[in-house]
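One-letter residues, chain by chain:
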Amino acid sequence: MRRILAVAQATLAEAIRHRILYLLLLFALALIALSRTLTLLTVGEGGKIIKDVGLSAINVFGLMIALFVGVGIIFREMERRTVQVTLSTPIARWEYLLGKFLGLAAAITIMVAVMAAALLGLVALRGEFTASLLVAVFMLWVELIFITAAAVFFSSFSTPIFAALFTAAAYVVGHLAWALPLLQERLPAGAFRTLVGAVYFALPDLEYGDVRALAVHGVPIPWDRVATATVYELGYAALLLTVACLAFRRRDLV
Amino acid sequence: MDGPAPLVYRGVSKNYQTHFWQRPFTSLDGFSLEVRPGEILGLLGPNGAGKTTAIKLALGLIFPDAGSVTLNGLPAADPAARRATGYLPESPYFPDDLTGLELVQFAGRLHGVPERELRARAAELLEQVGLGAAAGRKLRKYSKGMVQRAGMARALVARPRFVILDEPMSGLDPVGRREFRDLILSLRERGATVLFSSHVLTDAEMLCDRVAILKDGRLRALERVGELFASRRVRGWEVEARGGGAVAGAELVSERGEERLWRFPAAMQAEEIFAAVRAAGAHPVMLTPQRETLEDLFLRTLADEPAAGRDGAAA
Ligand SMILES: Nc1ncnc2c1ncn2[C@@H]1O[C@H](COP(=O)(O)OP(=O)(O)O)[C@@H](O)[C@H]1O
Ligand SMILES: [Mg+2]
């Protein structure tokens, strides 16, 4: 446990030293602040615009942080072989991967918290704070944890460039997967229909957990949807990490 | 000193697949070696001989294609096998955002050194390798030799009973080499076992109890250095003589005024040599046998066998 925490702590410290992190954070905060001026252009819809822009900023910049910093840190470790130095101690490979994941997840959590604080503060100033906004931020965080797990997963067996591409692809696919059941319904029964069903089952569906639209329009978010989506995405993340540990267990570190 | 062998290789082969369309490259081929407790064993060989490959196998960083590697009585793949083992990588690269102190402390945590002892121990080790003043500076600002020293402090943080050093002397100045030599000897005095790789023979000659010579992934020789010195073959004689003319059967090595140095073949006896010198009208002053050095052994070993049975040599 101490070894996992040591790796997590070192990873978090390294993430926090990344300059790109502050650049992204600055952009996100600027965007959230700017959304206020956008409200001047429209009448009556001001709160919605701030919420919409703010949640999107957290989503996009959170994703970029997970990609650049998450994949970047693992990239550096593999490329410069510091991973070998770490793994020459009595740490197990799964402990190392788990520590990396936890450190990155902690960094993402801090970033989301800072961005969310800015957004919630702005909305609260206008007296338009709703619980559903908080829930939407929580669901964005869950999704970013999933993306972080995907970054660790792809990094455990492929080269860094591919890991970054695959991780980005996982995000896109995750948000398009919802279309597969619709496609499946229109297909005649048969092998292809079964295949489409199977593919949908295997792919992560991130759209189900995306409750931004509901939060923006102030619609209460059903708790069962939040619970199901959280368990689903974190469960999927746990599965990815487990497979990553298995793949990394016997990998030659040359 | 007895006890179980810290490291045992049994018929270990390792192939690297560089590209999937190429035949794998054999870096280690049927390699067997047992490191004995308490000894300093030098793993020698030219660049590309397989030294680093052997060391990475011991640490479970890579896995053998054939044979087995046992570290401290456990399979090398088992993390617990590395508990009492320190490692200094070849031309190490450490996260350069860390200070020397943080580097050593991080390794200490992974080795399970209690937190309350860790800081003092790390500082003490850095002091010992001559980085006392630089302990708080970032590794980015270290010279190559300083990184090497920090790596040595890192390797020793768990008070290891077995220390594996991959080319420990590289990047060090003569003073640093001397200090590292003393440090390695002090490890043995403490009862630790040391395995180090090198392509520099003088280091090995001064330090090692035994040397293993590798070439093209195969073990070519395994010798006790002490015995090497005791029973080293005579490869010739040198005679210092004063005056006289050319000496029959000898080769003139150097000449300073009246004093000349002559070299005779190993097959000649001392009496024959003196007779030959006197016959030339010279006075013999000193006769010294020219013994084989580790370098001679090394070069002879490498010249002996051609690299046979090795596939993918073109890779
Ligand atoms: N990752 C790798 N991929 C392909 N070949 C490698 C790799 N690492 C080492 N080799 C090859 O294996 C041989 C042994 O390398 P190494 O063990 O590093 O030698 P040494 O440490 O004795 O200089 C060399 O010919 C080297 O080119
Ligand atoms: Mg080497």
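Residues numbered from 1 in each chain as written. Chains lettered and ligands numbered in written order. Predicted model: local features only at pLDDT ≥ 70, side-chain atom pairs only at ≥ 80, totals over all residues. Heavy atoms only, no water.

Enquirer: Requested: an account of the packing of aromatic side chains, with residues and values cited.
Expert: In this structure the tally under the stated criterion is nine aromatic pairs over all chains. Ring pairing ties together the aromatic residues A:Phe153, A:Phe154, A:Phe162 and A:Phe166, which thus form one cluster. (Phe/Tyr/Trp six-rings, centres within 6.5 Å; stacked < 30°, edge-to-face > 60°.)

Enquirer: Now, about a nonpolar patch on the surface: what can you tell me, with residues and values included?
Expert: All names here are of chain A. Side chains of Ile-16, Tyr-22, Ile-110 and Val-114 sit close together on the surface and give an oily, nonpolar patch of about 300 Å² of accessible area. With respect to the element layout, Tyr-22 can be found in helix α2 (residues 19–39). Given a relative accessible area of 42%, Tyr-22 falls into the partly exposed group. (Patch = residues over 30% accessible without salt bridge, like charges linked within 9 Å, V, L, I, M, F, W, Y side chains within 5 Å. Areas by Shrake-Rupley, 256 points an atom, 1.4 Å probe, with all protein chains shown as cover. Salt bridge = Lys/Arg side-chain N within 4 Å of Asp/Glu carboxyl O. Helix = DSSP H or I, 4+ residues; strand = E, 2+ residues; numbered from the N terminus. Buried < 20%, exposed > 50% of the residue type's maximum accessible area, 1.4 Å probe, protein only.)

Enquirer: Account for empty space enclosed by the protein, naming residues and giving values.
Expert: For the structure shown, the criterion picks out two cavities of 30 Å³ or more. Put simply, the largest cavity is a space of about 40 Å³. Lining the largest cavity are A:Ile65, A:Ala66, A:Val69, A:Gly70, A:Leu104, A:Ala107, A:Ile108 and A:Thr148. Secondary-structure elements contributing two or more residues to the lining of the largest cavity are α3 (46–79) and α5 (93–125) of chain A. With four residues, the top contributor of residues to the lining of the largest cavity is α3(A). Class assignment for the residues of the lining of the largest cavity results in six nonpolar, two polar and no charged. Taken as a whole, the second largest cavity encloses approximately 30 Å³ of empty space. If you go around the second largest cavity, the residues you meet are A:Ser88, A:Thr89, B:Thr85, B:Gly86, B:Tyr87, B:His111, B:Arg154 and B:Ala155. (1 Å grid on protein atoms, 1.4 Å probe; cavity = no way out; pocket = protein on both sides within 12 Å on 5 of 7 lines; lining within 4 Å. Points joined across faces, edges and corners; volume = space filled by probe spheres on them. Nonpolar A, V, L, I, M, F, W, Y, C, P; charged D, E, K, R; others polar.)

Enquirer: Got a sec to walk through the environment of A:Val243? Specific residues and values, please.
Expert: All names here are of chain A. For Val-243, the position within the fold is in helix α11 (residues 223–249). Looking at Val-243, the relative accessible area reads 37%, which means it is partly exposed. Along the sequence, Val-243 and Ser-156 sit 87 residues apart, while their C-alpha atoms lie 9.2 Å from each other.

Enquirer: Any details on the environment of B:Gly73? Residues and values, ideally.
Expert: Relative to the helices and strands, B:Gly73 is located in the loop between β4 (66–71) and β5 (74–75). Between the alpha carbons of B:Gly73 and B:Phe162 there is a distance of 12 Å; along the sequence they are 89 residues apart.

Enquirer: Help me get a handle on the coordination of the magnesium ion (ligand 2), residues and values and all.
Expert: Distances from the magnesium ion (ligand 2) to its protein donors, B:Thr52 (OG1), B:Glu90 (OE) and B:Glu90 (OE), fall at 2.0 to 2.7 Å. Pair noted here: B:Thr52 is in helix α1 (residues 51–58) and B:Glu90 is in the loop between β6 (85–88) and α2 (100–110), with a separation of 38 residues, a long-range link. (Donors = N, O, S within 2.8 Å, 3.2 Å for Na, K, Ca; no water.)

Enquirer: Give me the lowdown on the sheet that holds strand β13 (residues 259–264) of chain B, citing residues and values where you can.
Expert: Residue and element names in this part refer to chain B. Read from one edge to the other, the open sheet built from four strands follows the order β12-β13-β11-β14, with strand pairing classed as antiparallel. The strands lining the two open edges of the sheet, one partner per strand, are β12 (251–256) and β14 (283–291). Direction aside, neighbouring strands of the sheet carry axes that sit 20 degrees apart on average. Where β12 meets β13, five bridges bridge the pair, whose relative direction is antiparallel. Across the sheet, Leu-252 pairs through a bridge with Trp-262, a residue of β13. (Pairing = 2+ DSSP bridges. Axes fitted to C-alpha atoms, helices over the stretch in contact; angles between N-to-C directions.)

Enquirer: Give me unusual backbone geometry: which residues, what numbers.
Expert: The residue B:Asn72 is not glycine, and still its phi comes out positive at about 50 degrees. Note on placement: B:Asn72 falls in the loop between β4 and β5.

Enquirer: Account for the interface of chain A and chain B, with residues named and values stated.
Expert: In many reports, interface size means the accessible area that the parts give up when they come together. In this assembly, 25 residues from chain A lie in contact with 30 residues from chain B. The interface formed by chain A and chain B contains four salt bridges. Between B:Glu115 and A:Arg2 there is a salt bridge, with the nearest N and O atoms lying 2.8 Å from each other. Our count for the contact surface shared by chain A and chain B stands at 12 residue pairs in polar contact (both at pLDDT 80 or more). If you list the elements that add at least two residues to the side of chain A that touches chain B, you get α1 (2–17) and α4 (82–87) of chain A. (Contact = heavy atoms within 4.5 Å. Polar contact = N/O pair within 3.5 Å; in protein donor to acceptor, adjacent residues only side chain to side chain.)

Enquirer: Got a sec to walk through the sheet that holds β6(B)? Specific residues and values, please.
Expert: Residue and element names in this part refer to chain B. The six strands lie next to each other as β6-β7-β8-β3-β9-β10, forming an open sheet whose pairing is mixed. The two strands at the open ends of the sheet, each matched to only one other strand, are β6 and β10 (218–224). On average, each strand axis in the sheet is inclined to that of its neighbour by 15 degrees, with strand direction left out of account. Pairing of strand β3 (residues 40–44) with strand β8 (residues 193–198), which is carried by five bridges, proceeds in the parallel orientation. Within β8, the residue paired with Gly-42 across the bridge is Phe-196. Most of the contacts of helix α5 (residues 174–189) go to β3, to which it runs at about 130 degrees, and overall it touches β3, β6, β7 (162–166) and β8.

Enquirer: Please provide a residue-by-residue account of the pairing of β8(B), values included.
Expert: Residue and element names in this part refer to chain B. Along β8, six of the six residues are buried, which leaves the element largely enclosed by surrounding structure. The alternating pattern of β8 places Thr-193, Leu-195 and Ser-197 on one face and Val-194, Phe-196 and Ser-198 on the opposite face, and all of these are buried. Two strands pair when backbone bridges link them, and β7 and β8 are joined in this way by five bridges, in the parallel orientation. Residue pairing in the sheet places Asp-166 in a bridge with Ser-197 of β8.

Enquirer: Describe in detail the site of ligand 1, supporting the description with residues and values.
Expert: Taken together, 13 residues form the shell around ligand 1, and within it B:Ser27, B:Gly48, B:Lys51, B:Thr52 and B:Thr53 come nearest. With respect to ligand 1, the chains having nearby residues are chains A and B. Within the backbone of B:Ala49, an N or O atom sits 3.1 Å from an oxygen atom of ligand 1. For the shell around ligand 1, the elements supplying multiple residues, two or more each, are β2 (25–35) and α1 of chain B. Considering every element that reaches the shell around ligand 1, the biggest residue donor is α1(B), with three residues. (Near = heavy atom within 4 Å.)

Enquirer: Help me get a handle on α2(B), residues and values and all.
Expert: Burial of α2(B) is extensive: 10 of the 11 residues sit out of reach of the surface. Three or more residues of α2(B) are buried, namely B:Gly100, B:Leu101, B:Leu103, B:Val104, B:Gln105, B:Phe106, B:Ala107, B:Gly108, B:Arg109 and B:Leu110. Against α1 and α4 of chain A together with α3 (115–128) and α4 (144–155) of chain B lie the buried residues of α2(B).

Enquirer: Please set out the pairing of β3(B) residue by residue, giving values where relevant.
Expert: Residue and element names in this part refer to chain B. For β3, the tally of buried residues reaches five of five residues, placing the bulk of the element in the interior. Burial along β3 is two-sided: Ile-40, Gly-42 and Leu-44 and Leu-41 and Leu-43, pointing in opposite directions, are all buried. Looking at chain direction, β3 and strand β9 (residues 210–215) are connected through four bridges and run parallel. Within β9, the residue paired with Leu-41 across the bridge is Arg-210.

Enquirer: Explain the nonpolar core to me, using residue names and the numbers behind them.
Expert: Residues A:Leu55, B:Leu7 and B:Tyr9 are the most contacted members of the largest nonpolar core, which totals 104 residues. When residues of this core are assigned to their parent elements, the largest contribution, 17 residues, is made by helix α6 (residues 131–155) of chain A. Residue contacts for B:Leu7: discarding those within four places in its chain leaves B:Leu33, B:Glu34, B:Val35, B:Ala58, B:Val69, B:Thr70, B:Leu71, B:Phe162 and B:Leu195. Ranked by size, the runner-up nonpolar core spans 50 residues in total, among them B:Val113, B:Ala155, B:Val163 and B:Leu172. (Core = buried A, V, L, I, M, F, W, Y, C linked by side-chain atoms within 4.5 Å.)

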